[in-house]
Every structure is written in C-alpha cells, then in structure tokens.
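# Structure at a glance
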Amino acid sequence: MNLKVVKDVLVITALKSLPDLKRQPLVMFLVGMISSLPLYFIIVFGADISYGLIGAMVSTISFIGMNAAIQDIAWDRYVKIREMIVAMPVHPIAYAMGIALAPLMISAPSLIFFVAVTMWLGVLTLSSLLWAAVSLILCWAALSSVGFLISTYLKKASPYTLNNLANILGIGLGFIPPVYYPEEMLGSFSWIAAVFPTSNTASLIRVYSGSLSLPFEMVVMRWLILVATTIVFAVLTISKARWREN
Amino acid sequence: MDAVKSSNLVKVYYSKEAVEALKGVNISIRKGELFTLLGPNGAGKTTFLRIISTQLFPTKGGAYVLGYDVLAQPNEVRKHIAVVPQDVATYGNFTPLEYAYYFSLLRGMTKHEAKVAAKKALEAVELWDLRNRTCRTLSGGEKKRAIIASALSSDADIFMLDEPTSGLDAVARRNVWAVLREMVEQGKTILLTTHIMEEAEMVSDRLVIMHMGTAIAEGTPEEIKRLAKEKFRVVVEGDLNSLGLVENGSRVVKFGSKWIVYVRDEDEALGIVGTALKKGLKAETAPVTLEDVFVKLVGGETD
C-alpha cells in the first residue's frame, strides 16, 4: 500500500464524515442510542449490565460496519459521486476503506462512551480491552465486507431498498444472536454464537471480561472462526467488487 | 496526438436480451477543442463517455485518451481526466468548497494546492461567494456549477461532461456554457454530451451526431448544417395548400396550424414568404438550424 492510497483513505474518510459531523452533530449519537435500547431493559429487569454494555459495543460495530457500507455505497451511486471517483486516480481499496472508516469516525463518541463505562464498571481491564478491541476490529472488517458484497451483488437495487436491507441485517445481527444475552441461554444451540461475527465477538469479549468461561481450545477456535470469517468475506469482496462495470 | 480516439468501439449490454449500445464507433477528438456527442436518448452517448472515462468495459474495439489505452492503462487515463456524470446530485451537507477541496486532494494535490485550486475553480463558475453554503440550500444551477467546479479544480487535461445542463433554466445553462468556453480558451479539451441542439450549436467546436449506437455525422456545426440539401426554412401559419408547395416537391412538415417548408436557397424562401404574405398568411424565413438537420438525419420527422 503506497502513500497515495493511505492519503486517499484519509481524504475519503474525512469527505464522508466531517461535513455530516459538522452540520448534523447529533448523528454521532444515533447509532449509540439505537444500540443502547436493550441496555435500558437489562437495567430495568435487573439483569447483568455487563451483557448490555458488551452487547451495545458489538451492536454499534455491527451497525457501523455492514449497515454503513451498504448505505454509503448505495448513496454514492445515487448521487453519482462514485462515478466521479472511479474516473480519478484513486485505488478501489482506498475508496472501500474510506467508506468503511467514515461511519466508524462518526460513531466513535458512542463507542468510546461504551468502552469508558465498561472500564469504569470494571467489566474490562486495560489488558482485556486490547483483546476486545482486536475482536471488535475483526467484527467491523467482516461486516463491512459483507456490506460491500451485498452492495456489489445488488447493483441495481435502489438506495431505499438497500437502506431497508441494511437496517434489517443490522438489527438482525445485533439483536437476534446472543449479543446482548449469554450464549448459554441457547442451551445445546450455543454454537450459533460462533457462527455470527457479532455474537462471536460478544462471546470473546465476555471471555476476557470473565463473565463467560470457555475451555482454552474453544477460545482459540472462536478466534480462528472470527479471523477466518473476516478473511473469507474480505477476499470475496476484493475478488467480486469491480471498480469498472461490465 | 488526439486527445480522445475510439476505433470500432462496440458495447453490448447483456440482460434478458442483448442490447447493442455502440455499434463500431470511430471518433477522434483533438486537443483543445470542445467536442459534443449529440443524440437522442438511447443513442449511446453516455455509454461512449463511460467507456472513455474508464468506468465501463467495452465489448469490442479500442479507446485511447492522450494515447493511453483505456483498457490496459486506466490509471494513466484517470490522471488526465475529470468527469461530471449525467444527473449527478449533491450531498446536502457538503458545501461547494468542500466538494472542490476534497476532490482536489484526491487528485494528489497538497492541502495548499487543493485550497488554491478550489478557490480558482469556484471563482471560475462564480460560486466563490456561496462557497460555504450547504448544497441543500443552493439552486439547481448552483449545485450543478458546484459539481463542475469540483471537476474543474482537478486541473485535468480533458473534461468529460455528461449532459451537464440538463434540468437547468436558460440563464443557468448559459452560465455553464460560458464556463465551458472559458475552459477551452485555457487550453482544456472538453467532451460534452447533450441532446439540446442549441447547446451543441452554441458551444461546440466540432460535434458528432449519434443515433442508435452509430456516429452518423461529424464536423463543425456549420459543416453538419451543410449536410442538408435544403438551406432555408420558411414557417407559414395558415392554409398552406393555397401556395401549391406540396405539389412542387418541397419538404413540408406540419405542426398544428404551422407549417415548416424547407427550401434550397434564400431566393426561393423569400419567394414563398412573399406569396404567403400576399395571401394574408403569416410567414417568416431563416437558415436551417442544427435541429432541422438533426431531425432529418435521425429520421424522426413526419414529412
């Protein structure tokens, strides 16, 4: 990756986030607020708040990754910015990374807030935060790649259709698998947690926070699944996404 | 060396059935000229522009920009072009300055160079005073000029604009024309697509008329107009039959109560006007327009 690509990633990230942050600053709380919703119920019903906080972090990442990738690409196509950028000396990877990083920047305050509260309550320590951060980054990369893939395959879908799809998938992946609740609740189906990048990430963070106990081999297996999922979706995106159309 | 050259360019879209959008198009655009692709909707103008600007693969044939092969050397091509797509919209939260500045950075400029280029481009399209207004508060013409400025700030050698004035009012359209001609005066090459005849006639150095994926005529607006055997048109309002023009073989087109009679020379045209006026009809004559020739060439006229 040369310097121009790195610079373009930063420019596209800035282009896709700073004007929104500057003129609609409330947008930075939007994803965090949606992700916090289950937290209120967890507090009201007296359940373990650490599940809610970890769930809110993962679900924020889920929205940011997949949802934002689909929506941004769809709208870029709609307003034709994408066509203008394709005809510039900009590498497609720089565009994709910029598009994926921009919503991360927009939602960073929410994410930082959740991390801060989690640490303040002692759910995560400084060393477990490192593992949590790595798993969250992998989850974000995997879901961004899924977002790019969907957008690539549904080229002719309207931005509205893609918006709806993104919301359904974002909510589905964030709320249905064991992201806000312990995977043990699924009993013999607890393996489902390993299948989805969101619940897998949530389980791994719980392992490092001490609220979930898994054998060492199982933890390694969960990491391998998360890394493999990310690599598979990233490779699929790189191989299927085309800068120039046929 | 030509700024843009295509040889036997073919594009077939495959969906439920194959649609041949370009059927072997050969076009050469010289450096420093404003060249227009003129044609009705579906003629292949946008397809041609998208292939040349490295956004779309051709099915067959070759295309070159400043000698670089658009298929084999897209990155070289992209360094020299800037594109304004058809029906381009703006992000409401962006300002014209942000558009021009960020796009300049993506061209590889430093922050200082980008600021200077953005200022120059916005001044050229007379948007500097509105540089910090968000696009959602701008008029349609101002938004379009903001997008043109973002392309202009790139300082590319070749600008490709796909129907940049569609949807604009007459004043805004003329503003855009002035900007385009100014760019040509500065030595830039412009490839423009339009279906607006007046636009093609007013701004083009040369143009090609495209119809159903084929280039059917190429030249300056004057050269294209000379392709018609009739050089003058007479517009008559009233009962044309009393003039006996249909019987003498003149090409006549009817629009409601008005008739357009196409004739070969000015004397003949003035003769018809004189006769019509004597019979109490309204009549006026003028040289044929590009639109007259275009309609004749693409065969969309009812004689």
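Residue indices begin from 1 for each chain and proceed along its sequence in written order. In the order they appear in the text, chains get letters beginning with A and ligands get numbers beginning with 1. In view of the model being predicted, local features appear only for residues whose pLDDT reaches at least 70, and side-chain atom pairs are presented and counted only at 80 or more, with totals across whole chains, interfaces and linings using the full set of residues. Excluded from the side-chain calculations are hydrogens and water; all other atoms, namely the structure's heavy atoms, are used.

### Concerning the pairing of strand S13 (residues 258-263) of chain B
Residues and elements named next belong to chain B. The buried fraction of S13 amounts to 5 of the 6 residues, a majority that puts the element mostly inside the structure. Following DSSP output, two strands are said to pair if at least two bridges run between them. Going along the chain from the N terminus, every DSSP run of H or I of four or more residues is numbered as a helix, and every run of E of two or more is numbered as a strand. Across 6 bridges, strand S11 (residues 232-237) lies against S13 in antiparallel orientation. Across the sheet, residue valine 235 finds its bridge partner in S13, namely isoleucine 260. Sheet topology places strand S12 (residues 251-255) next to S13; 5 bridges connect them, and they run antiparallel. Bridged to phenylalanine 255 within S13 is lysine 258. Hairpin connection between S12 and S13: a loop of 2 residues separates the two successive antiparallel strands, and glycine 256 in this loop has a positive phi of roughly 60°. Categorising residues by exposure relies on relative accessible area from a 1.4 Å probe, with only protein chains included: less than 20% of the type maximum marks a residue as buried, more than 50% marks it as exposed, and the intermediate range marks it as partly exposed.

### Let's talk about the environment of Ala286(B)
Residue and element names in this part refer to chain B. By the element assignment, alanine 286 lies in strand S14 (residues 282-287). Between the C-alpha atoms of alanine 286 and proline 221, which are 65 residues apart in sequence, the distance is 16 Å. Once you skip the residues sitting within four places of it in the chain, alanine 286 turns out to touch Phe232 and Arg233. Note on contacts: a residue pair qualifies if any of its non-hydrogen atoms lie within 4.5 Å across the two residues.

### Quick look at helix H1 (residues 3-23) of chain A
Helix span, as expected, comes to 1.5 Å for every residue beyond the first. For H1(A), built from 21 residues, the straight-helix expectation of 30 Å at 1.5 Å per residue is met to within 8% by its first-to-last C-alpha distance of 30 Å. Next to the buried residues of H1(A) lie helix H2 (27-44), helix H3 (49-79) and helix H5 (92-120) of chain A together with helix H3 (96-106) of chain B. Pairs of N or O atoms within 3.5 Å make up the polar contacts considered here, provided that, within protein, one atom can donate a hydrogen while the other can accept it, and that residues adjacent in sequence are counted only when both atoms are side-chain atoms. The opening residue of H1(A) is Asn2(A), an N-cap whose side-chain oxygen sits 3.2 Å from the backbone nitrogen of Lys4(A).

### Comments concerning the interface of chain B and chain A
Opposite the 38 residues of chain B that make contact, chain A presents 33 residues. Between chain B and chain A, a total of about 3200 Å² is buried, with carbon and sulfur atoms accounting for 61% of that surface. Within this document, salt bridges are pairs made up of a side-chain nitrogen of Lys or Arg and a carboxyl oxygen of Asp or Glu, the two lying within 4 Å of each other. Where chain B meets chain A, there are 3 salt bridges. Close ionic contact of Arg23(A) with Glu98(B) constitutes a salt bridge, the shortest N to O distance being 2.8 Å. Buried area: the accessible area, evaluated with a 1.4 Å probe, that two parts lose upon being put together, summed over both parts.

### As for the sheet that holds strand S7 (residues 158-162) of chain B
All names here are of chain B. Spatially, the 6 strands line up as an open sheet ordered S6-S7-S8-S3-S9-S10, and their pairing is mixed. Each end of this open sheet is capped by a strand with a single partner; those strands are strand S6 (81-84) and strand S10 (214-219). Strand-to-strand twist of the sheet, defined as the mean angle between neighbouring strand axes without regard to direction, takes the value 15°. As paired elements, strand S9 (residues 206-211) and S10 share 5 bridges and run antiparallel to each other. When the bridges of S10 are listed, leucine 207 appears paired with glycine 219. Lines are fitted to the C-alpha atoms to define the axes, a helix being fitted only along its stretch in contact, and any angle between axes, read from their N-to-C directions, falls within 0 to 180 degrees.

### Looking at the nonpolar core
Ile81(A), Tyr99(B), Phe159(B), Leu161(B), Leu180(B) and Ile190(B) are the most contacted members of the largest nonpolar core, which has 98 residues in total. Only buried residues count toward a nonpolar core, which is a set of Ala, Val, Leu, Ile, Met, Phe, Trp, Tyr and Cys residues joined through side-chain atoms within 4.5 Å. Ala43(B), Ile51(B), Leu191(B) and Met210(B) belong to the second largest nonpolar core, which has 28 residues in total.

### As for unusual backbone geometry
Residues and elements named next belong to chain B. The phi torsion at glutamate 126 lies on the positive side, around 55°, for a residue other than glycine. Among the residues examined, glutamate 126 registers a relative accessible area of 62% and is labelled exposed. Backbone geometry places methionine 212, a non-glycine residue, at a positive phi of 50°. Among the secondary structure elements, methionine 212 is positioned in the loop between S9 and S10.

### Looking at helix H4 (residues 111-124) of chain B
All names here are of chain B. Compared with an ideal rise of 1.5 Å per residue, which puts 14 residues at 20 Å, H4 spans 20 Å between its outermost C-alpha atoms and is within 8% of the ideal. Three or more residues of H4 are buried, namely Ala114, Ala117, Ala118, Ala121 and Leu122. One face of H4 carries all of its buried residues, which in axial projection span an arc of 125°. Structural note: H4 exposes His112, Lys115 and Lys120 on the side pointing more than 90 degrees away from its buried face. Buried residues along H4 sit in contact with H3 and helix H5 (140-152). Positive backbone phi, approximately 55°, marks glutamate 126, located one or two places after H4. Our arc is simply the arc of the directions from the helix axis toward the C-beta atoms.

### Quick notes on the pairing of strand S4 (residues 60-65) of chain B
All names here are of chain B. In this sheet, S4 lies alongside strand S1 (residues 4-14) in antiparallel orientation, the contact comprising 5 bridges. Each bridged residue has a counterpart across the sheet, and for serine 6 the counterpart in S4 is alanine 63. The pairing of S4 with strand S5 (residues 68-69) spans 2 bridges and is antiparallel. Following the sheet pairing, tyrosine 64 is matched in S5 by aspartate 69. Linking S4 back to S5 in an antiparallel pair, the connection comprises 2 residues, with leucine 66 at a positive phi of about 50°.

### Considering the packing of aromatic side chains
Stacked, tilted and edge-to-face are the three classes applied to pairs of Phe, Tyr and Trp rings, where Trp contributes its six-membered ring and a pair requires centres within 6.5 Å; stacked means planes under 30 degrees apart, edge-to-face means over 60, and tilted covers the rest. By the definition in use, this model includes 13 aromatic pairs over all chains. Geometrically, the ring pair formed by Tyr208(A) and Trp223(A) is tilted, given 6.2 Å between the ring centres and 55° between the ring planes. On the criterion of sequence distance, the pair formed by Tyr208(A) in helix H9 (residues 197-209) and Trp223(A) in helix H10 (residues 216-240) is long-range, its members being 15 residues apart. Among the residues examined, Trp223(A) registers a relative accessible area of 12% and is labelled buried. Ring-pair connections join several aromatic residues into one group, and the members of that group are Tyr91(B), Phe94(B), Tyr99(B) and Phe103(B). In our convention, an over-ring charge means Lys NZ or Arg CZ found within 6 Å of a ring centre and within 35 degrees of that ring's normal. The aromatic ring of Trp128(B) is capped on one face by Lys119(B), whose charged end is 5.2 Å from the ring centroid. Taking NZ or CZ as reference, Arg131(B) lies 4.0 Å from the ring centre of Trp128(B), over its face.

### Digging into the packing of H9(A) against H10(A)
Residue and element names in this part refer to chain A. In the contact formed by H9 and H10, the axes pass within 10 Å of each other and the chain directions differ by 145°. For the element pair H9 and H10, the recorded crossing hand is left-handed. On the side of H9, the interface is formed by Pro197, Asn200, Thr201, Ser203, Leu204, Val207 and Tyr208, while H10 contributes Val219, Arg222, Trp223, Ile225, Leu226 and Thr229. Gly falls in the polar group here, along with every residue not listed as nonpolar (Ala, Val, Leu, Ile, Met, Phe, Trp, Tyr, Cys, Pro) or charged (Asp, Glu, Lys, Arg). Classifying every residue of the contact of H9 with H10 gives 8 nonpolar, 4 polar and 1 charged. When the near helix sits turned anticlockwise from the far one by under a right angle, the crossing is termed left-handed; a clockwise turn instead gives a right-handed crossing.

### A look at the sheet that holds S1(B)
Residues and elements named next belong to chain B. The strand order across the open sheet built from 4 strands is S2-S1-S4-S5, with neighbouring strands paired in antiparallel fashion. Each edge of the sheet is formed by a strand with only one pairing partner; in this case those strands are strand S2 (18-29) and S5. Here S1 pairs with S2 via 9 bridges, running antiparallel. In the strand pairing of S2, tyrosine 14 is matched with alanine 18. Helix-sheet contacts for helix H1 (residues 45-52) involve S1, S2 and S4, and the interaxial angle to S1 is about 115°.

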